[in-house]
Protein chains: 2
Amino acid sequence: MTAQKLNIGLFGFGCVGQGLYHVLKNSKGFTANISKIAIKDPHKKRSLPASCFTFDKAEILDNPDINVIVELIDDAEEAFRIVKEALSKGKHVVTANKKMLATHLEELLALTEQNNVSLLYEAACCGSIPIIRTLEEYYDNERIHSLSGIFNGTTNYILTKTISEKLSYAQALKQAQDKGFAETNPVSDVEGFDPKYKAIILALHAFGILARPEEILNVGITTLREEDIRYASEKGYKIKLVPTVKRFEDGSVGIFVLPRFITPTNPLYYVDNEFNGVLVDGDFSGEQFLKGRGAGGNPTGAAVLSDISALSFGYRYEFKKRHQAEKNTLNGNLVLKVYLRYQNPEDLTQLGIHTISEHYTSETYKYVVALADLEELKASSDYIREKGVFIATLDDYVELKEQKVKTVKREALLSI
Amino acid sequence: MTAQKLNIGLFGFGCVGQGLYHVLKNSKGFTANISKIAIKDPHKKRSLPASCFTFDKAEILDNPDINVIVELIDDAEEAFRIVKEALSKGKHVVTANKKMLATHLEELLALTEQNNVSLLYEAACCGSIPIIRTLEEYYDNERIHSLSGIFNGTTNYILTKTISEKLSYAQALKQAQDKGFAETNPVSDVEGFDPKYKAIILALHAFGILARPEEILNVGITTLREEDIRYASEKGYKIKLVPTVKRFEDGSVGIFVLPRFITPTNPLYYVDNEFNGVLVDGDFSGEQFLKGRGAGGNPTGAAVLSDISALSFGYRYEFKKRHQAEKNTLNGNLVLKVYLRYQNPEDLTQLGIHTISEHYTSETYKYVVALADLEELKASSDYIREKGVFIATLDDYVELKEQKVKTVKREALLSI
């Protein structure tokens, strides 16, 4: 098969856009032409001549010579308008915008089918790790049991620096931003929205599921305190923010994003700084692990480049798991084993805690190790943030709620 | 794209053949038909009815309804005859036979081009790790600096058991064979031929190089002794058998297989038992790491299945690195930093040792840490085995020989 000539219209020239430009310019044996770059801010200093840029998106979208749109802007809603228009006009699209994808997956898939075009987004999940392609092409006929990992470079960088190097949270965040790992708005990272979007995208390719962001719990790392770090260190754990997608015997699939205590037997223990890692557990392959740079212009640019290259060979995702006979369904009805640091016994009644196996209280530090109800946690995720409660899952324990769960009575919880 | 109907003729029904059969039968959403299975031994008890089998390869190769040959036999030369005939007859081929591939790569590539057919072999390298597809599709436009890893499950299993669990070499080998990890003939594994074949195959996809097995040094683990294990443990190293493919600034590429002392900062440190791991260092992506099951019927069967599935969508390797403008060439003219346990000072003069930085001698245990000349080691690989010399590379140190190397005079070596 010979490569098709691609004429690219690029939206966005931030960290990843410039990374792509650099990667494309220095890549051997491949020439794709960036015809025009659409940018928003006319006052920002740019590294290329003014003639490369436009402020009018129509100049790209209405140009029939441009057959590929590469969308690398921050604003998810504006990105969606651009991508929608591009697909409708029969242009292929490469994007790294996980929020846009996770929020509009169903509509985007319909658009690609209607217009017979390709939408690729390897760079949207885990930077340079080729996880979407691996799920699509390698696991297409293998049943996957679970998929988890470290999908967010910013939080992993912050956790590494605060835990191993004792930096303050603010110092660590500042470092991550200075190095270009952190997104423009860190809230999406540190509160676990960004890894949730990625988990939703990967759940489509691994299990054929279309989940909506509002259906999935995400708890981040903003409430982490010194005591939690000490507790974890004493037990030999590291703390990582881990999105989990797990299939149960009945074909239902649970998805959630929570901090997790990780033991040294888990490969994620050794994924530090801005690196990402993905664990895939399959029927035949067993446990596979992929690790690579999860953030930064060049690694993400390289992932965009691999999509552009694939496009030149006519590649598109087949979504094989979506079309398989065995249908998986989203299931929020789960219990998780958690460590939960709280302020007042009231917190426990609010958060759906069952079967307490350990509790500790002192004047300044109170925690339980217990089973928690995922749906109740989800209903209270604002409460968790506001009250400064820190939760981390333990030991990979997650089960369907049908399992016997001993409910702890409200009075018993309040008397702890 | 809709999947093409595949009619498979299978050669071999050993560990991987049965794994494939199991995986295919239990895989959801995919049906490929195994028309006939060719086997050699009429006396072996089989798990399927006799009508599934034939002892006459022509019954498969001459059947025009069979459009795919899956070759999973042990004998590399017989495999080559089968694959050659199949390709010549316009049939696609999936194989896991690394020795056959590494020995006949050039001729096989020519045959696929002449007959316009596809030859896929993901299962030939690192079991369930999709490394060839990743190199072909993800790294196609990115310059790779180095590729190394643990490519052989048998030796890694033996090293893990002898070092961490203090089993004897013979016990560990027996366990590996009982578990179905070890090949019929362990010599290819334990003397490093098997990982060398894999390194040669991966060097084609990563660097576009066609190396011949006889050009590449392989030193295995048969000479490992208690003292070497103790030395490594005291320094905090694990010992792994590591094939290395490394590109230098001048575009030349070195390939060798040697035991290596691994520090805990290297992800390969955590790859134990039958697991394999691959480290890829690229220009833009940085360091990526893949880990998965490197041996066993099901993981390897899953890799074969992924090739069969890809075939049904018309997939073939493009060998993009082979066709790129920048040509890489094989270079054996390297120096390596090694730990070398020897018996007699004569050994050192024989093995091309330079610039000794440490030496230790007692009545029963003598070693140097020094620079070694790769070409001289290669010329003496029989000597290494026969004299029970153990060599392991250190610190990832490998350089072009143009670098200043202080030659140690013969007299100085003999006086150690």
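From a predicted model like this one, the values you see are computed outputs, not experimental measurements.

### Observations regarding the packing of helix α3 (residues 76–88) of chain B against helix α4 (residues 98–115) of chain B
Residues and elements named next belong to chain B.
Here is step 1 of the chain: Viewed as axis vectors pointing N to C, α3 and α4 meet at an angle of 10°, and their least axial separation amounts to 10 Å. Between α3 and α4, the crossing angle belongs to the class labelled roughly parallel. On α4, the residues touching A76, E77, A79, F80, V83, K84, L87 and S88 of α3 are K99, M100, H104, E107, L108, L111, T112 and N115.
Here is step 2 of the chain: Considered class by class, the residues forming the contact of α3 with α4 number eight nonpolar, four polar and four charged.

### A look at α4(B)
Residues and elements named next belong to chain B.
Here is step 1 of the chain: Between its first and last C-alpha atoms α4 spans 22 Å; for 18 residues at 1.5 Å apiece the expected length is 26 Å, and the helix comes up short by more than 12%.
Here is step 2 of the chain: Within α4, burial applies to K98, M100, L101, A102, H104, L105, L108, L109, L111 and T112.
Here is step 3 of the chain: Elements in contact with the buried residues of α4: β4 (68–71), α3, β5 (92–95), β6 (119–120) and α9 (193–207).
Here is step 4 of the chain: Positioned one or two residues after α4, N116 has a phi angle of 50°, which is positive.

### Examining the interface of chain B and chain A
Here is step 1 of the chain: At the interface, 46 residues of chain B touch 46 residues of chain A.
Here is step 2 of the chain: If you look at where chain B meets chain A, you find zero salt bridges.
Here is step 3 of the chain: Inspection of the region where chain B meets chain A yields eleven residue pairs in polar contact (both at pLDDT 80 or more).
Here is step 4 of the chain: Breaking the side of chain B that touches chain A down by element, the ones donating at least two residues are α1 (15–26), α5 (131–138), β12 (286–293) and α11 (297–312) of chain B.
Here is step 5 of the chain: With eight residues, the top contributor of residues to the side of chain B that touches chain A is β12(B).
Here is step 6 of the chain: Counted by class, the side of chain B that touches chain A contains 17 nonpolar, 16 polar and 13 charged residues.

### Side note on the pairing of β5(B)
All names here are of chain B.
Here is step 1 of the chain: A two-sided burial pattern is seen for β5, the buried positions comprising H92 and V94 on one face and V93 and T95 on the other.
Here is step 2 of the chain: Direction of pairing for β4 relative to β5: parallel, over a ladder of four bridges. When the sheet's bridge partners are listed, I69 is paired in β5 with V93.
Here is step 3 of the chain: After leaving β4, the chain enters α3 and then returns to the sheet as β5, a path that is right-handed.
Here is step 4 of the chain: With two bridges joining them, β5 and β6 adopt parallel strand pairing. Across the sheet, V94 pairs through a bridge with L120, a residue of β6.

### A few points about the sheet that holds β5(B)
All names here are of chain B.
Here is step 1 of the chain: Across the sheet, six strands lie side by side as β3-β2-β1-β4-β5-β6; this open sheet has parallel pairing. At either end of the open sheet lies a strand with only one pairing partner, and these are β3 (53–54) and β6.
Here is step 2 of the chain: Pairing geometry for strand β2 (residues 33–38) and β3, over two bridges, is parallel. Residue pairing for β3: I37 is matched across the bridge by F53.
Here is step 3 of the chain: Most of the contacts of α3 go to β4, to which it runs at about 170°, and overall it touches β1 (7–11), β4, β5 and β6.

### Focus on the relation of the copies chain B and chain A
Here is step 1 of the chain: Note on the copies: chain B fits chain A at an RMSD of 0.0 Å, the axial shift is 0.0 Å, and the rotation between them is 180°. Viewed as a symmetry operation, the transformation between the two copies matches a two-fold axis. Nearest to the rotation axis, the C-alpha of B:L290 is located 2.2 Å from it, this being the minimum over chain B.
Here is step 2 of the chain: A shared binding surface is used by both copies, with 100% of the interface residues of chain B retained as interface residues in chain A.

### Here's the deal with the packing of aromatic side chains
The geometry of two aromatic rings is summed up by the distance between their centres and the angle between their planes.
All names here are of chain A.
Here is step 1 of the chain: Tallied over the full model, the rule gives 36 aromatic pairs over all chains.
Here is step 2 of the chain: Judged by centre distance (5.2 Å) and plane angle (35°), the ring pair of Y339 and Y367 falls under tilted. Of the two residues, Y339 sits in strand β14 (residues 334–342) while Y367 sits in strand β16 (residues 366–373), which places them 28 residues apart along the sequence. As far as burial versus exposure is concerned, Y339 and Y367 are alike and both buried.

### Comments concerning the environment of B:N116
Here is step 1 of the chain: Turning to its location among the elements, B:N116 is positioned in the loop between α4 and β6.
Here is step 2 of the chain: In sequence terms B:N116 and B:G90 are 26 residues apart; their C-alpha atoms lie 7.3 Å from each other.

### Structural notes on the state of the cysteines
Residues and elements named next belong to chain A.
Here is step 1 of the chain: Under the definition given, this model contains zero disulfides over all chains.
Here is step 2 of the chain: The thiol of C15 is not disulfide-bonded; the next cysteine sulfur, from C126, is found 17 Å away.
Here is step 3 of the chain: Of all cysteine sulfurs in the structure, the one in C15 sits closest to C52, which takes part in no disulfide; the separation is 19 Å.
Here is step 4 of the chain: Residue classification places C52 among the partly exposed positions, given a relative accessible area of 22%.

About the criteria used
- Residues numbered from 1 in each chain as written.
- Chains lettered and ligands numbered in written order.
- Predicted model: local features only at pLDDT ≥ 70, side-chain atom pairs only at ≥ 80, totals over all residues.
- Heavy atoms only, no water.
- Axes fitted to C-alpha atoms, helices over the stretch in contact; angles between N-to-C directions.
- Helix = DSSP H or I, 4+ residues; strand = E, 2+ residues; numbered from the N terminus.
- Parallel < 35°, antiparallel > 145°, perpendicular 65-115°, else oblique.
- Contact = heavy atoms within 4.5 Å.
- Nonpolar A, V, L, I, M, F, W, Y, C, P; charged D, E, K, R; others polar.
- Expected span 1.5 Å × (residues − 1).
- Buried < 20%, exposed > 50% of the residue type's maximum accessible area, 1.4 Å probe, protein only.
- Salt bridge = Lys/Arg side-chain N within 4 Å of Asp/Glu carboxyl O.
- Polar contact = N/O pair within 3.5 Å; in protein donor to acceptor, adjacent residues only side chain to side chain.
- Pairing = 2+ DSSP bridges.
- Right-handed = clockwise from strand over helix to strand, strands pointing away.
- Least-squares fit on C-alpha atoms with pLDDT ≥ 70 in both.
- Phe/Tyr/Trp six-rings, centres within 6.5 Å; stacked < 30°, edge-to-face > 60°.
- Disulfide = S-S within 2.5 Å.

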